[in-house]
Amino acid sequence: MDWDWWVEYMKGMLKPVAALAVVVLAVLLSYSQKLGLEREMVYSIFRSFLQLSVIGFVLQFIFSQNNVAWIILAYLFMVSVAGYTAGQRAKHVPRGKYVAGGSILIGTSLTMLLLVLLDVFPFTPRYIIPVAGMMVGNSMTTTGVTMKRLRDDIKTQMNLVETALALGATPRQATVEQVKRSLVIALSPVLDNAKTVGLISLPGAMTGMIMGGASPLEAIQLQIIVMNMLLGASTFSCIISTYLSWPNFFTKTYQLEVDVFSSD
């Protein structure tokens, strides 16, 4: 075993451990204010420490292999977790986890394929896995919001939708306004973030590069790429999720599925 590597790793962990002082202060403040969040704070930090440590070793292994199969496996794992999480948010959407997972898979893979074909990123683990992680994470949030909002809006305006269906509209035509509203609400935070990036706070990718010693000009180039791909992946995933969701809201005879909208 390469003990020198372990020694360097343990030395590097001294700063993360020192940063726990901030968490200790937060726990003490929670206790003094009787918030009851002390246990959850400690659990959350411990879990994040454990998860990041494990993923760090996994990525170190994948990077050393430089194998396409490992890239695809890591990507599918991220999509699976994201699909499950987004499906939990939209729990009243039938087969929501599969809809969310499929939407995120299609949306992010299309975006990533386009970036690779344009030679924006090389198809190597060091680039693709972090890029895919950012896209999948962002698409997870927006897709979950889109699906939940679409179902809730249709439920609120069932009379309008049923009237449109009775007049001969297709399910897609009857719910076009609800689809638009859910997409606007889900994508608004992404658009607002793009409008204010760099003015309020420095984004993570840019901050990481600057702290790693890169030129601020190089960092903004990467951040521009990141903002573009996040907007693209989120938009693709959200729109696809509406096409995959709404058929579950209707019967084969173009009537609303009452069971889907009966629960809160």
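Along each chain, residues carry numbers from 1 onward, in the same order as the chain's sequence is written. Thresholds applied to this predicted model are a pLDDT of at least 70 for local features of residues and 80 or more for the giving and counting of side-chain atom pairs; totals over whole chains, interfaces and linings are not thresholded and use all residues. Side-chain figures throughout are based on the complete set of non-hydrogen atoms in the structure, without hydrogens or water.

Enquirer: How should I be thinking about the overall build of the chain in this particular structure?
Expert: In DSSP terms, a helix is any run of H or I states spanning at least four residues, a strand is any run of E spanning at least two, and both are numbered starting from the N terminus. When its secondary structure is counted, the chain shows 13 helices and zero strands. Secondary structure elements of the chain occur, N-terminal to C-terminal, as α-α-α-α-α-α-α-α-α-α-α-α-α. Across its three principal axes, the chain shows a C-alpha extent of roughly 75 × 55 × 40 Å. Buried residues in the chain amount to 31% of all 264 residues. Every residue pair with non-hydrogen atoms within 4.5 Å of one another is taken to be in contact. Summarising the internal contacts of the chain: among those between residues at least 6 apart in sequence, 73% fall at separations of at least 24. Computed by Shrake-Rupley with a 1.4 Å probe, the accessible areas treat only the displayed protein chains as cover when residues are assessed. A total accessible area of about 16300 Å² is found for the chain, and carbon and sulfur atoms account for 67% of it. For this count, His and the chain ends are skipped, Lys and Arg are scored as positive, and Asp and Glu as negative. Here the site of a charge means NZ on Lys, CZ on Arg, CG on Asp, or CD on Glu. If you average the places of the 19 positive and of the 15 negative side-chain charges in the chain, the two averages end up 5 Å apart. Remark: exposure states derive from per-residue accessible area (1.4 Å probe, protein chains only) relative to the maximum for the residue type, with buried under 20%, exposed over 50%, and partly exposed in between.

Enquirer: Explain the side chain of Thr 142 to me, please; I cannot follow it from the model alone.
Expert: Counting through the fold element by element, Thr 142 comes out in helix H7 (residues 125-156). With residues near it in sequence (within four places) discarded, Thr 142 still touches Ala 186, Val 190, Ser 234 and Cys 238.

Enquirer: What is the right way to look at the packing of aromatic side chains in this model?
Expert: Two descriptors summarise a pair of aromatic rings, namely the distance from one centre to the other and the angle between the planes of the rings. Put simply, two rings from Phe, Tyr or Trp (the six-membered ring, in Trp's case) pair if the centres are within 6.5 Å, and we call them stacked under 30 degrees between planes, edge-to-face over 60, tilted for the rest. Enumeration over the complete set of coordinates arrives at three aromatic pairs. Seen from their ring centres, Phe 121 and Tyr 127 are 6.2 Å apart, and the 40° between their planes marks the pair as tilted. With a relative accessible area of 6%, Phe 121 lands in the buried category. Classification of Tyr 127 by relative accessible area gives partly exposed; the value is 40%. Ring geometry for Trp 246 and Phe 250: centres 6.4 Å apart, planes at 75°, overall edge-to-face. Each of the two residues, Trp 246 as well as Phe 250, counts as buried. Only Lys NZ and Arg CZ are tested; either one counts as a charge over a ring when it is within 6 Å of the ring centre and within 35 degrees of the ring normal. Between Arg 172 and the ring centre of Tyr 243, over which it is positioned, the NZ or CZ distance is 3.7 Å.

Enquirer: Can you help me understand the packing of helix H6 (residues 96-117) against H7 in this one?
Expert: Helix packing for two helices is described by the angle between their axes and how far apart those axes are. Following both chains from N to C, one finds H6 and H7 inclined at 140°, their axes separated by 9 Å at the closest point. As the angle between them shows, H6 and H7 are arranged oblique. Viewed along their axes, H6 and H7 form a crossing whose handedness is right-handed. For the pair H6 and H7, contact is made by Gly 96, Val 99, Ala 100, Ser 103, Ile 104, Thr 108, Thr 111, Met 112 and Val 116 and by Ile 128, Ala 132, Met 135, Val 136, Ser 139, Met 140, Thr 143 and Met 147, respectively. The residue inventory of the contact of H6 with H7, partitioned by class, reads eleven nonpolar, six polar and no charged. Comment: axis = line fitted to C-alpha atoms, over the contacting stretch for helices; angle = value between 0 and 180 degrees taken between N-to-C directions. Orientation is classified from the angle alone, with under 35 degrees giving roughly parallel, over 145 giving roughly antiparallel, 65 to 115 giving roughly perpendicular, and any other angle giving oblique. Left-handed describes a crossing in which the near helix is turned anticlockwise from the far one by less than a right angle; the clockwise case is right-handed. Polar here means any residue other than Ala, Val, Leu, Ile, Met, Phe, Trp, Tyr, Cys and Pro, which are nonpolar, and Asp, Glu, Lys and Arg, which are charged; Gly is therefore polar.

Enquirer: Got a minute to help me understand the nonpolar core in this structure?
Expert: The tendency in soluble globular proteins is for nonpolar side chains to be buried side by side. Grouped together as the largest cluster of nonpolar side chains are 23 residues, with contacts concentrated most on Ile 154, Val 161, Phe 249, Phe 250 and Leu 256. Those elements giving two or more residues to this core turn out to be H6, H7, helix H8 (158-166), helix H10 (176-196) and helix H13 (258-262). Among the elements that line this core, the one with the most residues is H10, at four residues. Once residues lying within four places of it in the same chain are set aside, the contact partners of Leu 256 are Ile 154, Met 158, Val 161, Glu 162, Leu 165, Phe 249, Phe 250, Thr 251 and Phe 261. To qualify as a nonpolar core, a set must consist of buried Ala, Val, Leu, Ile, Met, Phe, Trp, Tyr and Cys residues joined through side-chain atoms within 4.5 Å. If you look at the next biggest cluster of nonpolar residues, it comprises 17 residues, including Tyr 75, Ile 104, Met 135 and Met 229.

Enquirer: Looking at this structure, how should I read the environment of Ser 234?
Expert: Mapped onto the elements, Ser 234 comes out in helix H12 (residues 216-245). Here a polar contact is taken to be a pair of N or O atoms separated by no more than 3.5 Å, where protein atoms must pair a possible hydrogen donor with a possible acceptor and residues adjacent in sequence count only if both atoms sit in side chains. A polar side-chain atom of Ser 234 sits 2.8 Å from a polar atom in the side chain of Asn 138. A polar side-chain atom of Ser 234 sits 2.8 Å from the main-chain carbonyl oxygen of Leu 230.

Enquirer: Is there a simple way to explain the packing of helix H5 (residues 68-89) against H7 in this structure?
Expert: Direction vectors running N to C along H5 and H7 enclose 15°, while the axes themselves pass 9 Å from each other. On the basis of the axis angle, H5 is roughly parallel to H7. Crossing of H5 against H7: the hand is right-handed. Between H5 and H7, the contacting residues are Ile 71, Ala 74, Tyr 75, Met 78, Val 79, Ala 82, Thr 85, Ala 86 and Arg 89 on the first element and Pro 125, Ile 128, Ile 129, Ala 132, Gly 133, Val 136, Met 140, Gly 144, Val 145 and Lys 148 on the second. Residues of the contact of H5 with H7, tallied by class, amount to 14 nonpolar, three polar and two charged.

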